[in-house]
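Spelled out from the first residue to the last, the chains are:
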Amino acid sequence: MSLHIVFINFSKAFNTVDQPTFWKILQKLGVLNHFTNLINALHTSMKASIKLKGASSDLFQVKNGVKQGCVLAPSLLSIFLSVVLQYNFENCDNGHWIQSRPRADMLNVDQYKSATKTRKILVEKLMFAYDTAFVAHIHDGVQKRVSRFARFIKAFGLG
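The following paragraphs examine the structure supplied in this document. (Residues numbered from 1 in each chain as written. Predicted model: local features only at pLDDT ≥ 70, side-chain atom pairs only at ≥ 80, totals over all residues. Heavy atoms only, no water.)

1. Thoughts on the layout of surface pockets
Right, so step 1: Roughly 190 Å³ of volume is contained in the largest pocket.
Right, so step 2: Around the largest pocket sit Thr-21, Lys-24, Ile-25, Lys-28, Leu-29, Val-83, Gln-86, Tyr-87 and Phe-156, which together line it.
Right, so step 3: Only helix H1 (19-28) and helix H3 (73-88) provide two or more residues apiece to the lining of the largest pocket.
Right, so step 4: If one sorts the elements of the lining of the largest pocket by residue count, H1 sits on top with four residues.
Right, so step 5: Of the residues in the lining of the largest pocket, the class split is five nonpolar, two polar and two charged. (1 Å grid on protein atoms, 1.4 Å probe; cavity = no way out; pocket = protein on both sides within 12 Å on 5 of 7 lines; lining within 4 Å. Points joined across faces, edges and corners; volume = space filled by probe spheres on them. Helix = DSSP H or I, 4+ residues; strand = E, 2+ residues; numbered from the N terminus. Nonpolar A, V, L, I, M, F, W, Y, C, P; charged D, E, K, R; others polar.)

This is the structure:
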């Protein structure tokens, strides 16, 4: 049985997170207004300049992205991407099924042969740091997931 995998790297997403959308996401996740306001204050009136060959440009307003170099930035980006991917995989019916057994000894393969004490889990994506992989057994399944993901990326202000 074939397995189709599409790899996506989000390392450049730091610069593209739509801030107003992100504040709404934090509120919908139940993050306290006080904490959301603190994070917002770190990003409000953020300015930058471009330095090239020793000369700096005038300061300009940064309206997108999370503050690079901030200790919160990786966590904020992970929260944002998790929500985007959660919406993308809602009602997902394709991926790769794996068999699992709670409290099983990983080295004892015989425990996974039991049909009654195991359960199947649908793996639709694999995530590590800023990399994500979409998986499916059929080409159309992974293609639909990527196409839908492209629409969600634009809707969430990343595209």
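Back to the write-up after that little detour.
2. Describing the pairing of strand S9 (residues 131-136)
Each regular strand displays side chains that alternate between the two surfaces of the sheet.
Right, so step 1: Burial of S9 is extensive: five of the six residues sit out of reach of the surface.
Right, so step 2: As judged from the six bridges shared by strand S1 (residues 4-9) and S9, these two strands associate in the antiparallel manner. Looking across to S9, one finds that Val-6 is bridged to Phe-134.
Right, so step 3: Of the strand pairs in this sheet, strand S8 (residues 125-128) and S9 are connected by four bridges, and their pairing is antiparallel. Within the sheet, the bridge partner assigned to Lys-125 lies in S9 and is Phe-134.
Right, so step 4: In sequence, S8 turns back onto S9 through a hairpin of two residues, with Ala-129 there showing a positive phi of about 55°. (Buried < 20%, exposed > 50% of the residue type's maximum accessible area, 1.4 Å probe, protein only. Pairing = 2+ DSSP bridges.)

3. Some remarks on the sheet that holds S8
Right, so step 1: Here we have three strands laid out as an open sheet, ordered S1-S9-S8, and antiparallel in their pairing. Edge strands, defined here as strands with exactly one partner in the open sheet, are S1 and S8. Pairs of neighbouring strands in the sheet enclose a mean axial angle of 15°, with direction left out of account.
Right, so step 2: Contacting S1 and S9, helix H4 (residues 139-155) runs over the sheet at an angle of about 140° to S9. (Axes fitted to C-alpha atoms, helices over the stretch in contact; angles between N-to-C directions. Contact = heavy atoms within 4.5 Å.)

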